[in-house]
Amino acid sequence: MTLLTFRFAPSPNGELHLGHAYSALLNQRMAARAGGRLLLRIEDIDITRCTPEFEAGIFHDLKWLGLDWQEPVRRQSEHFAEYKAVLDRLIAEELVYPAFMSRGEIRAFIAETGKRGRDWPRDPDGVPLYPPLDKALPMKERKRRIAENAPFAWRLDVEAAMARMPGALSWIEFTDETMAATHTVEATPQAWGDAIVARRDIPTSYHLAVVVDDALQQVSHVVRGQDLYAATGVQRLLQELLRLPPPRYFHHRLVLGPDGRKLSKSLRDTSLAALRQAGMSPQDIRRLIGL
Ligand code: GLU
């Protein structure tokens, strides 16, 4: 039997909070019960928001919590060349296109449609879908703009991509952390429109880096928060397009704040560092999150 592999994959763009502690410790527990291994991956592709200080904080917090992971730690910012090679495959297969519109231009375009009384569709995070203008640009015009150094991101042509899927696209989800039962979830990547596959400044995006790394690190079980449930659809599509083996998924409950809202990195009150400074022990944290 092959070794089951779990991973915890935080981004060093803020301090870890109770929700991260839950995810990390749940991964550890599930890996231990399955006789598998746990990997740690630092998802720091956003070089403007991720800092060495936040990364150091992550290591400090996780060691303090008692998390054990197998070395080496994979740091995504050290692997841009690998993501670029995968992106180049998608470009060659004409599954992505250069998207030139700035946020302001997208807003203006949508406001125009709104004036004509049409509601513009939004993705599961509430962000308006990317307008179809750039997808329709003639090749000559694309080349002209690129030659003129116009900034652009690469976006997935989700329609073209779905047209290449032979059957229904789905993923296998565990119904709970015991991993005793599974069910199949239909993937609907179209809900995101033409998702970003590579950002303006870097040759990857969250979705692309995650699927490449999960495959490369032979991750068999992705255990992460419910907030990433809808994102799994795009990731499943990318796995199929890139012929990568799909892991199994468990999207766990979120740790909510006292007012019932989702915890966020910008709210320092729930950060693990703040709780530690206030005198809490790792056992107190476990008790707080019910693990
Ligand atoms: N890096 C992501 C985050 O911190 C998690 C990605 C994942 O688990 O797939 O939200």
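Relevant structure appears above.
Since this is a predicted model, take the numbers as computed values, not measurements. (Residues numbered from 1 in each chain as written. Predicted model: local features only at pLDDT ≥ 70, side-chain atom pairs only at ≥ 80, totals over all residues. Heavy atoms only, no water.)

Peer 1: Let's hear about the overall build of the protein chain: which residues, and what values?
Peer 2: Along its length, the protein chain carries 10 helices and 10 strands. Dimensions of the protein chain, computed from C-alpha atoms along their principal axes, come out at roughly 60 × 45 × 40 Å. In the protein chain, which comprises 291 residues, the proportion classed as buried is 49%. The long-range share in the protein chain, meaning contacts at least 24 apart out of those at least 6 apart in sequence, stands at 78%. Accessible surface computed for the protein chain: about 14500 Å², of which carbon and sulfur atoms make up 55%. Of the charged side chains in the protein chain, 39 are positive and 37 negative; the average position of the first set lies 1 Å away from that of the second. (Helix = DSSP H or I, 4+ residues; strand = E, 2+ residues; numbered from the N terminus. Buried < 20%, exposed > 50% of the residue type's maximum accessible area, 1.4 Å probe, protein only. Contact = heavy atoms within 4.5 Å. Areas by Shrake-Rupley, 256 points an atom, 1.4 Å probe, with all protein chains shown as cover. Lys, Arg positive; Asp, Glu negative; His and termini not counted. Charge placed at Lys NZ, Arg CZ, Asp CG, Glu CD.)

Peer 1: Give a detailed account of the packing of helix 3 (residues 80-92) against helix 7 (residues 206-216), specifying residues and quantitative values.
Peer 2: Closest axis-to-axis distance for the helix 3/helix 7 pair is 10 Å, and the angle between their directions is 110°. With respect to their mutual orientation, helix 3 and helix 7 come out roughly perpendicular. For the crossing formed where helix 3 meets helix 7, the hand is right-handed. Across the interface between the two elements, Glu-82, Tyr-83, Val-86, Leu-87 and Leu-90 from helix 3 touch Leu-208, Ala-209, Val-212, Asp-213 and Leu-216 from helix 7. When its residues are assigned to classes, the contact of helix 3 with helix 7 shows 8 nonpolar, no polar and 2 charged. (Axes fitted to C-alpha atoms, helices over the stretch in contact; angles between N-to-C directions. Parallel < 35°, antiparallel > 145°, perpendicular 65-115°, else oblique. Left-handed = near helix turned anticlockwise from the far one by under 90°. Nonpolar A, V, L, I, M, F, W, Y, C, P; charged D, E, K, R; others polar.)

Peer 1: Talk me through the site of the ligand; I want residue IDs and the actual numbers.
Peer 2: Surveying the vicinity of the ligand reveals the residues Arg-7, Ala-9, Pro-10, Ser-11, Glu-43, Tyr-206, Arg-224 and Leu-228. A distance of 3.1 Å separates a nitrogen atom of the ligand from a polar atom in the side chain of Ser-11. Contact between the ligand and Glu-43: a nitrogen atom at 2.6 Å from a side-chain N or O atom of the residue. Coverage of the ligand by the protein amounts to 80% of the 300 Å² it exposes when considered alone. Looking at the shell around the ligand, its residues break down into 4 nonpolar, 1 polar and 3 charged. (Near = heavy atom within 4 Å. Polar contact = N/O pair within 3.5 Å; in protein donor to acceptor, adjacent residues only side chain to side chain.)

Peer 1: Before we move on, can you summarise helix 10 (residues 282-289) with the specific residues and values?
Peer 2: Within helix 10 the residues assigned to the buried category are Pro-282, Ile-285 and Ile-289. The buried side chains of helix 10 occupy one side of the element, clustering within an arc of 55° when seen end-on. Buried positions along helix 10 lie against helix 1 (18-33), helix 2 (52-65) and helix 9 (272-277). (Arc of directions from axis to C-beta.)

Peer 1: Break down unusual backbone geometry for me, citing the residues and quoting the values.
Peer 2: In this structure, Pro-72 follows Glu-71 across a cis peptide bond, with omega equal to 0°. Note on placement: Pro-72 falls in strand 3 (residues 70-75). Although it is not a glycine, Asn-149 sits at a positive phi angle of roughly 65°. A relative accessible area of 67% places Asn-149 in the exposed class. Unusually for a residue other than glycine, Arg-243 sits at a positive phi of about 55°. Within the secondary structure, Arg-243 sits in the loop between helix 8 (231-241) and strand 10 (248-252).

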